[in-house]
Amino acid sequence: MISVVQLGTIDYATGLRLQQQLVALRKEEKIGDVLLLLEHKPVITLGRNAKAANVLASPELLKKRGVEVCECDRGGDVTFHGPGQIVGYPIFDLRSRAGADAVVRLAESKTRPDPPRKSMGVIEFVRKLEDVLIRTCADSGIPTKRVQGLTGVWTNPELASAHVGAEPLVRPAERSSTTAEAKLAAIGVHISRSVTSHGFALNVNTDLSFFDLIVPCGITTKPVTSMQKELGRELDLNTVAESDSRNFGVVFQSQILWVDTLDALLGRTIGVPMKPPAELRHLHKEDETSWA
């Protein structure tokens with residue numbers, strides 16, 4: 001079971017603090033797997049591998065455009081979050097998502113008092129996130145793919161121009177003029193004691209001019225795009241979010257439960273703090289993994 005909660009628009013610090021709280025509850029097995037879907041106010045985030053030089057804009061320009069800058073413990077370099085973009089934070093325990101072969105091995109280990117629980121690997125988890133997003137884009141008629149050596153989801157220009165019967169997958173009048181592979185979704189995750197946080201950002205109706213303020217993910221050779229640009233029209237965010245959650249169910253082979261509020265998820269008021277943490281980058285001393 002994956003519980004899905006749509007949070008609307010929240011600032012990045014609040015989202016980070018909320019993730020930390022849910023991760024702690026998931027580690028204690030007080031909650032099941034949770035997928036948070038939301039939008040952020042304009043923010044540039046720097047992952048653990050970020051280079052400060054990849055923030056191109058001056059502090060004055062960032063202030064003028066209303067863009068915050070925050071450090072975080074996800075993997076990856078510099079990216080942007082803002083309105084019109086669906087951000088997904090899966091708070092999953094990967095030990096509960098190991099393959100069936102792991103379950104068989106554990107069942108055969110009855111001689112051990114406490115057999116270890118095998119976890120889904122970080123690479124497999126990231127590939128599944130990519131699969132979810134590829135399916136979500138396909139639901140809107142946008143063919144996408146993986147690019148070898150890079151993380152995320154990219155447009156597939158060759159397939160976009162192909163014909164299915166007499167009709168192209170994306171009508172020429174609606175297709176963007178981009179002929180090169182362009183990034184539609186970024187992925188950066190953090191894993192602590194087998195529990196995931198952070199996740200993905202899918203550009204739906206995003207104002208792409210914000211990406212001119214940075215070198216997105218440190219990649220200078222490929223552009224960033226949005227679903228709106230690829231289709232030539234604005235999309236309904238709720239429809240895309242529903243498609244996304246449905247594809248999580250398919251890819252992770254889980255039932256999806258839509259939950260109206262966090263209070264309903266937890267059965268109590270959790271008191272999400274509105275004050276940003278004093279230090280956004282905190283390197284824990286426990287077993288952790290970051291990936292982008």
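All values derive from a computational prediction rather than experimental measurement.

Participant: Give a description of the overall build of the protein that names residues and reports values.
Facilitator: Helix and strand counts for the protein stand at eight helices and 14 strands. Here the protein holds 292 residues, and 52% of them are scored as buried. A sequence separation of at least 24 residues applies to 79% of the contacts in the protein between residues at least 6 apart. Summed over all atoms, the accessible surface of the protein reaches about 14000 Å², with 51% contributed by carbon and sulfur.

Participant: Could you give an account of the pattern of salt bridges, with specific residues and numbers?
Facilitator: Here the structure, examined in full by the defined rule, presents 11 salt bridges. Note that glutamate 130 is salt-bridged to arginine 146, the shortest N-O span being 2.7 Å. Taken together, the positions of glutamate 130 in helix α4 (residues 122-139) and arginine 146 in the loop between β7 (144-145) and β8 (153-155) put the pair 16 residues apart, joining distant regions of the chain. Overall, the relative accessible area of 38% leaves arginine 146 in the partly exposed class. For lysine 222, the salt bridge is made with glutamate 181, and the minimal N-O distance between the two is 2.7 Å. Here the residue lysine 222 occupies a position in the loop between β12 (195-203) and α6 (227-231), and glutamate 181 occupies one in the loop between β10 (167-168) and β11 (183-192), the gap between them amounting to 41 residues. According to the relative accessible area criterion, lysine 222 is partly exposed, its value standing at 24%.

Participant: Give me the lowdown on the packing of aromatic side chains, citing residues and values where you can.
Facilitator: Applying the stated rule across the entire model yields eight aromatic pairs. Their ring planes at 75° and their centres at 5.6 Å tell us that phenylalanine 80 and phenylalanine 211 sit as a pair that is edge-to-face. Pair noted here: phenylalanine 80 is in strand β5 (residues 78-81) and phenylalanine 211 is in the loop between β12 and α6, with a separation of 131 residues, a long-range link. Of the two residues, phenylalanine 80 and phenylalanine 211, both sit in the buried class. Within the aromatic cluster, the residues linked to one another by ring pairs are Phe92, Phe125, Phe200, Phe248 and Phe252. Note that arginine 65 overlies the ring of phenylalanine 210, its terminal NZ or CZ placed 4.1 Å from the centroid.

Participant: Report on the sheet that holds β5, specifying residues and quantitative values.
Facilitator: Ordered by their spatial adjacency, three strands build an open sheet running β4-β3-β5, and the pairing between neighbours is mixed. Only two strands of the sheet have a single neighbouring strand rather than two, namely β4 (68-71) and β5. On average, each strand axis in the sheet is tilted by 25° relative to the strand beside it, whichever way the strands run. Summarising the sheet, strand β3 (residues 43-46) and β4 pair through four bridges and their orientation is parallel. When the bridges of β4 are listed, isoleucine 44 appears paired with valine 69.

Cut-offs and rules
In this numbering scheme, every chain counts its residues from 1 along its sequence in written order. A pLDDT threshold of at least 70 governs which residues receive local features in this predicted model, and a stricter bar of 80 or more applies before side-chain atom pairs are shown or counted, although totals over entire chains, interfaces and linings include all residues. Water and hydrogen atoms were dropped before computing side-chain values, which therefore reflect all heavy atoms in the structure. Strands are runs of DSSP state E lasting at least two residues, helices are runs of H or I lasting at least four, and both sets are numbered from the N terminus onward. Relative accessibility decides the category of a residue: with a 1.4 Å probe and only protein chains considered, values under 20% of the type maximum give buried, values over 50% give exposed, and everything between is partly exposed. Any two residues having at least one pair of non-hydrogen atoms within 4.5 Å are treated as being in contact. For the area figures, the Shrake-Rupley method with a 1.4 Å probe applies, and any residue is considered shielded solely by the protein chains shown. A carboxyl oxygen of Asp or Glu within 4 Å of a side-chain nitrogen of Lys or Arg is what we treat as a salt bridge. Pairing of aromatic side chains here covers Phe, Tyr and the six-membered ring of Trp, requires ring centres within 6.5 Å, and sorts the geometry by plane angle: under 30 degrees stacked, over 60 edge-to-face, intermediate tilted. A ring has a charge above it when a Lys NZ or an Arg CZ is no more than 6 Å from the ring centre and no more than 35 degrees off the ring normal. Pairing between strands is defined by DSSP: at least two bridges between them are needed. In this description, a line fitted to the C-alpha atoms serves as the axis of each element, helices being fitted only across the stretch in contact, and the angle between N-to-C directions of two axes falls anywhere from 0 to 180 degrees.

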